[in-house]
Structures are given as structure tokens and as C-alpha cells.
2 protein chains.
Amino acid sequence: MDELDRAILRELQSDARKSNRDVAAAVGVSPSTALERTRALRRRGIIRGALLDVDLASIGRPVQALIAVRIRPPSRPVIEGFRDWVASLPETLGVFVTSGNEDFIVHVAVPDNDSLYAFVIDRLTQRREIADVRTSVVYEHLRNGSPEPVD
Amino acid sequence: MDELDRAILRELQSDARKSNRDVAAAVGVSPSTALERTRALRRRGIIRGALLDVDLASIGRPVQALIAVRIRPPSRPVIEGFRDWVASLPETLGVFVTSGNEDFIVHVAVPDNDSLYAFVIDRLTQRREIADVRTSVVYEHLRNGSPEPVD
DNA sequence: CGTGAAAATTTGCGGAT
DNA sequence: ATCCGCAAATTTTCACG
């Protein structure tokens, strides 16, 4: 990870679909060099892919929530079972497996408040391993798509 | 949003860098049609862009946490001031503004546990408007990069 | 890491259904 | 009104220096 790699990463973080030619021009190397560096970043697992940023409201899912879940017993099979199940639900955008007051924070997007309520009481609470659930509605979600390398 | 739009969205969600030619082939239309549809999705704000998926560990930030913050008073100027400040920190990956037991959930990535502790006690707690902070270390973060449209 | 040429893709437009 | 075919422009890709 030299300065050139970091510069290429910055360019692609600003727009993952930027053409290799534009990236090369922006960082001051030839397209072939930029291409080889970018491929190496992928091979090394530093770049994992490119995610489409979709407006959730316009696909009918304007209501987001974070749901803190505590599981009992918090043993590996139970944790992993719940994790995989909840990650596979269509409402789920992401799952954080955490230490602390809860075992999971589940990020969901649904069409409306009724759907959210139904998700929590009909689907989540049906799981026997759930000891506690706390739901927070998300008013706004800001993302920093460009985390910077350190060291 | 007809079936063709949804199919194109699905393809690009699986890989935001997929070539237009591949998208067209996968959904069964000509490249020119796929291109025009994709541009329309962008114009309509349904596609907001493409984010690079970077492995945080390999850029020196392997430790993630979710930090629940309560603010006082939770008035608009105070909320928005804190939101903009915390979103601009280099450690911050994202900020959820929420209802419920906390006003914010801040998602951060740092080099190690010491950095996390320093972030919480040196930077966050310095802000006078913070009434309460609860930190949860994130062991694992699964994402569903392909939220499906409903209706 | 760059050059240059070949291959592949993107793009705009005229015409078809 | 939407989609396709085609050709030009642009970009990607790679062998070689």
C-alpha cells in the first residue's frame, strides 16, 4: 500500500464506477499502470467489490430501523444460527454482531411503520432464542463512503 | 419501475461495476436499451451512485464499534450540530440519527482498542452536549447489498 | 511503469414494431 | 413510446521496451 495505491483507492471511493482512464489521469499515471494496481488491490482483497447505492425510499422501503437483540444462550451455535437467519430476511440491510448490552444490531428497511411493527412482533419475536428486543427508528443515515487508510 | 428496471437494478446490485453489455445480456435486452434504462434510473434518483467496498482491516482499521449517544437538549440545532461534527470525523463510517433510547448510533472503524477508547473518552466525551455514551464492539458486520424493491 | 495497437465496450441515432 | 441495430468514439487490455 504505497501512496499510489492510496490515491487510486481515494478516486474509486469517490465513484466506484469511475473509468480506469479517469482514475489514471487523476493520480498521474498511465492507464495500464492504474489498471494493474487496481487489479492488485482486488487480488489482495483490499477492494472487495462495488456496491450500488440505491435510494431505499424509491424502491418502496422508506422506513429504516435499528433493532437491538439479546439472545439466550449466547453460545456459538445459537449466535450463528440467529445471525444467518436474520441476515437472510428480505427486510434486513445489515447485521452487526456485537459485544456489550446486546448481541446483535439489525438494520432493516421496510415500507411503513406497520411493516416494522409486524417484522418485530411477528417474525423476530417468534424466535425462541430472543431474550430482548429494542427498536429504534432511523430518521437519517449518513455514510462516509471513503474511509481513509491509516499507518 | 417496471420489471426491466427491477432486473437491471438486481444485476447492478450484484456488482455495481458490471459492464452495460453484461447487464443487457443478463436481462435480455440490447445494450442501448439497458444503457438508457440505467441512465433513467440515475436521473430519477433511484440509483445514487456506486460505493467501493473496501476491506477495513487491510487499510489499518480492523476494529469496528457502534457507539450509542444521547444528546441534551435534543433540539434541532444541537442534534444537527453534533450530527455534522461526528459525521466528519475520520474514524466515522456512518451515523444513524434515531428515535428511542438514544439520539445517535455512530459506526466507527479504528486501528485498535486503544484508539477506540481514545476516540470515546478524548473526542466524543469532550462535547458538552453529550449526556450518555454506550459503546459496543462489532465482531462482525454482514451486509445485504441487494435490498429488493416492494409493491 | 509507459507506449502503442488490438479488442471490447459505450454511446447516439435512425429506423422498426 | 419503447426497443433494436449499427457505426463511431471511447475505453480496456496486454505484449513489449
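What counts as what
- Residues numbered from 1 in each chain as written.
- Chains lettered and ligands numbered in written order.
- Predicted model: local features only at pLDDT ≥ 70, side-chain atom pairs only at ≥ 80, totals over all residues.
- Heavy atoms only, no water.
- Phe/Tyr/Trp six-rings, centres within 6.5 Å; stacked < 30°, edge-to-face > 60°.
- Helix = DSSP H or I, 4+ residues; strand = E, 2+ residues; numbered from the N terminus.
- Buried < 20%, exposed > 50% of the residue type's maximum accessible area, 1.4 Å probe, protein only.
- Near = heavy atom within 4 Å.
- Polar contact = N/O pair within 3.5 Å; in protein donor to acceptor, adjacent residues only side chain to side chain.
- Nonpolar A, V, L, I, M, F, W, Y, C, P; charged D, E, K, R; others polar.
- Core = buried A, V, L, I, M, F, W, Y, C linked by side-chain atoms within 4.5 Å.
- Contact = heavy atoms within 4.5 Å.
- UniProt positions renumbered as here; feature names shortened; annotations may be inferred.
- Least-squares fit on C-alpha atoms with pLDDT ≥ 70 in both.
- Salt bridge = Lys/Arg side-chain N within 4 Å of Asp/Glu carboxyl O.
- Pairing = 2+ DSSP bridges.
- Domains from an automatic or database assignment.
- Axes fitted to C-alpha atoms, helices over the stretch in contact; angles between N-to-C directions.

Within an unreviewed UniProt entry, the label attached to chain A reads DNA-binding Lrp family transcriptional regulator, and the organism entered is Leifsonia soli.

Draft legend 1. Spotlight on the packing of aromatic side chains. All names here are of chain B. Under the definition given, this model contains four aromatic pairs over all chains. Taken together, a centroid distance of 4.8 Å and an interplanar angle of 55° make the contact between phenylalanine 82 and phenylalanine 104 tilted. Taken as a pair, phenylalanine 82 in helix 4 (residues 76–87) and phenylalanine 104 in strand 4 (residues 104–110) lie far apart in primary sequence, 22 residues in all. Overall, phenylalanine 82 belongs to the buried group, its relative accessible area being 0%.

Draft legend 2. Molecular detail of the protein's contact with DNA strand C. Around DNA strand C, a shell composed of Leu4, Val29, Ser30, Ser32, Thr33 and Arg37 of chain A together with Ser19, Asn20, Arg21, Ser32, Leu35 and Arg39 of chain B is seen. When the atoms of DNA strand C within 4 Å of the protein are grouped by moiety, sugar and phosphate amount to 74% of the total. Here a phosphate oxygen of DNA strand C and a backbone polar atom of serine 30 of chain A are 3.0 Å apart. In the environment of DNA strand C, a phosphate oxygen lies 2.8 Å from a nitrogen or oxygen atom belonging to the side chain of arginine 21 of chain B. Here the surface near DNA strand C is composed, by residue class, of three nonpolar, six polar and three charged.

Draft legend 3. Structural view of the nonpolar core. Core analysis: the largest hydrophobic core is formed by 34 residues, its most contacted members being Leu9 and Leu52 of chain A together with Ile8, Leu9 and Leu52 of chain B. Those elements giving two or more residues to this core turn out to be helix 1 (3–14) and strand 1 (47–54) of chain A together with helix 1 (3–14), helix 2 (20–27) and strand 1 (47–54) of chain B. With five residues, helix 1 of chain B is the single largest residue contributor to this core. Setting aside residues no more than four positions away along its own chain, isoleucine 8 of chain B makes contact with Val23, Val27, Ala34, Arg37, Thr38 and Leu41 of chain B.

Draft legend 4. Looking closely at the UniProt feature "domain: HTH asnC-type" (unreviewed entry) in chain A. Under the UniProt annotation, "domain: HTH asnC-type" (unreviewed entry) lies at residues 1–62 of chain A. What you have in residues 1–62 of chain A is 53% helix and 13% strand, and the ends, taken at the C-alpha atoms, are 39 Å apart.

Draft legend 5. Seen up close, the relation of the copies chain B and chain A. It takes a turn of 180° to lay chain B on chain A, together with a shift of 0.0 Å along the axis; the resulting RMSD is 0.1 Å. Each copy turns onto its partner about a two-fold axis. If distances are taken from each C-alpha of chain B to the rotation axis, the shortest is found for leucine 51 of chain B, at 2.5 Å. Looking at the interface residues of chain B, 100% of them are also at the interface in chain A, so both copies use one shared face.

Draft legend 6. Quick peek at the interface of chain B and chain A. On the chain A side, the residues contacting the 56 residues of chain B number 56 residues. For the interface between chain B and chain A, the tally reads six salt bridges. The salt bridge partner of arginine 83 of chain B is glutamate 140 of chain A, with a shortest N-O separation of 2.9 Å. For the pair chain B and chain A, the number of links is 35 residue pairs in polar contact (both at pLDDT 80 or more).

Draft legend 7. Molecular detail of the pairing of strand 5 (residues 130–143) of chain B. As defined by bridge partners, strand 3 (residues 92–98) of chain A adjoins strand 5 of chain B across five bridges and the pair is classed as antiparallel. Bridged to valine 97 of chain A within strand 5 of chain B is glutamate 140 of chain B. Summarising the sheet, strand 2 (residues 63–71) of chain B and strand 5 of chain B pair through eight bridges and their orientation is antiparallel. In the strand pairing of strand 5 of chain B, arginine 70 of chain B is matched with aspartate 132 of chain B.

Draft legend 8. Here's a closer look at the domain arrangement of chain A. Split into domains, chain A comes out as domain 1 (3–43) and domain 2 (56–138). Computed over C-alpha atoms, the centres of domain 1 of chain A and domain 2 of chain A are 37 Å apart.

Draft legend 9. Structural context of the sheet that holds strand 5 (residues 130–143) of chain A. Strand order in this closed barrel of eight strands is 2(A)-4(A)-3(A)-5(B)-2(B)-4(B)-3(B)-5(A), and the pairing throughout is antiparallel. For this sheet, the mean angle separating the axes of adjacent strands, direction not counted, is 35°. Against the sheet, helix 4 (residues 76–87) of chain A contacts strand 2 (63–71), strand 3, strand 4 (104–110) and strand 5 of chain A together with strand 5 of chain B, and its axis sits at roughly 165° relative to strand 3 of chain A.

Draft legend 10. Layout of the protein's contact with DNA strand D. Taken together, the neighbourhood of DNA strand D is formed by Ser19, Asn20, Arg21, Ser32, Leu35 and Arg39 of chain A together with Leu4, Val29, Ser30, Ser32, Thr33 and Arg37 of chain B. What you see for DNA strand D is that sugar and phosphate hold 78% of its atoms within 4 Å of the protein. At 2.9 Å from a phosphate oxygen of DNA strand D is found a main-chain nitrogen or oxygen belonging to asparagine 20 of chain A. In the model, a phosphate oxygen of DNA strand D is placed 2.7 Å from a nitrogen or oxygen of the threonine 33 of chain B side chain. Broken down by secondary-structure element, the contributors of at least two residues to the surface near DNA strand D are helix 2 (20–27) and helix 3 (31–43) of chain A together with helix 3 (31–43) of chain B. Looking at the surface near DNA strand D, its residues break down into three nonpolar, six polar and three charged.

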